[in-house]
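Each chain, written out:
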Amino acid sequence: MQCIALSLVLLVLAGSALAQTPPAGTDSTQPPSSYYPAPPPLQAPTVEKGAPVSNLSSPLAGGQTAPTRTAVDSEAEAQLFAYATKMVWGRYSKIKGAKPGVATVTKTGALWTIKGRLDSVAPGTEGDWVAIDGVVERIAANNVYIRGEVAFRVAKVQNGTACKVGGLLHFRRSGKSHVWRLAEGDNPCDGTREMFDLAYEKPAEKRPVPAQGKRT
């Protein structure tokens with residue numbers, strides 16, 4: 001019985017040794033791969049570089065051709081916009097002491113231009129300002145399109161560097177309102193909705209001066 005048991009043990013050990021023997025031609029000393037599930041590519045994919053976004057300038061700079069005439073699709077809108085001489089800056093307009101700025105709409109031949117600036121005087125905002133400078137490309141019903149730029153200077157944004165919105169700017173008016181609001185009114189530096197408006201300012205009526213009679 002002891003001989004039989006010893007034979008069975010030898011057979012089990014022999015089978016285990018055969019199971020652990022690697023196939024012929026295999027290097028049992030090769031270390032396992034450290035890449036899982038697959039090795040990295042030999043070369044990373046190439047990336048095309050776009051134009052740098054630093055040192056952006058006015059959309060009318062760099063030799064670009066400015067419009068030579070303003071397309072007027074609505075005479076009624078043009079008559080209103082001719083007196084869009086008041087600037088309102090929504091960021092500070094509700095602060096006590098805030099005052100509007102002044103814009104000048106100029107018509108030279110068939111070309112309209114606009115330029116203006118609002119220097120904030122509300123408490124705590126002194127030194128902040130907003131300015132507009134551009135050429136009016138088109139005047140349509142309830143819509144005015146200006147090619148130029150609007151710059152916002154806020155002391156707490158970009159360390160006081162003016163943040164500009166430039167290109168073709170769209171000002172919209174609703175219904176019977178006499179206010180045109182800049183559609184692209186988000187500050188490009190901090191995302192704040194600036195609510196920048198150009199408002200109609202009724203021109204002062206010129207009253208005739210009564211003629212004085214000659215004294216005798």
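Residues numbered from 1 in each chain as written. Predicted model: local features only at pLDDT ≥ 70, side-chain atom pairs only at ≥ 80, totals over all residues. Heavy atoms only, no water.

Quick look at the environment of Val 102
Note the following rule: Runs of H or I in DSSP of at least four residues are treated as helices and runs of E of at least two as strands, each being numbered from the N terminus. By definition, residues are in contact when any of their heavy atoms lie within 4.5 Å.
For Val 102, the position within the fold is in strand β3 (residues 101–108). Separated by 29 residues in sequence, Val 102 and Ala 131 have C-alpha atoms that sit 9.6 Å apart. Setting aside anything within four residues of it in sequence, one finds Val 102 in contact with Thr 85, Met 87, Lys 115, Gly 116 and Arg 117.

Let's talk about the side chain of His 170
Along the polypeptide, His 170 turns up in strand β7 (residues 163–172). Excluding its chain neighbours within four sequence positions, the residues that come into contact with His 170 are Asn 143, Val 144, Tyr 145, Arg 181, Leu 182, Ala 183 and Glu 184.

Digging into the state of the cysteines
Our working definition: Whenever a pair of cysteine sulfur atoms sits within 2.5 Å, that pair is classed as a disulfide.
Counted according to the given criterion, the structure contains one disulfide. Here Cys 163 is linked by a disulfide to Cys 189, with a sulfur-sulfur distance of 2.0 Å. Where Cys 163 bonds to Cys 189 through sulfur, the torsion about that S-S bond is close to -110°, and the disulfide is left-handed. Taken together, the residues span a long stretch of sequence, with Cys 163 in strand β7 and Cys 189 in the loop between β8 (179–182) and β9 (196–199) at a distance of 26 residues.

Focus on the pairing of β7
Where we set the bar: Paired strands, as defined in this entry, are two strands with at least two bridges between them according to DSSP.
Relative to β7, strand β6 (residues 143–153) runs antiparallel, the two sharing ten bridges. Pairing of Asn 143 across the sheet is with Arg 172, part of β7. Here two bridges tie β7 to β8, and the two strands are oriented antiparallel to one another. Bridging from a neighbouring strand, Arg 172 pairs with Arg 181 of β8.

Note that all results are geometric; they support no functional claim without further evidence.
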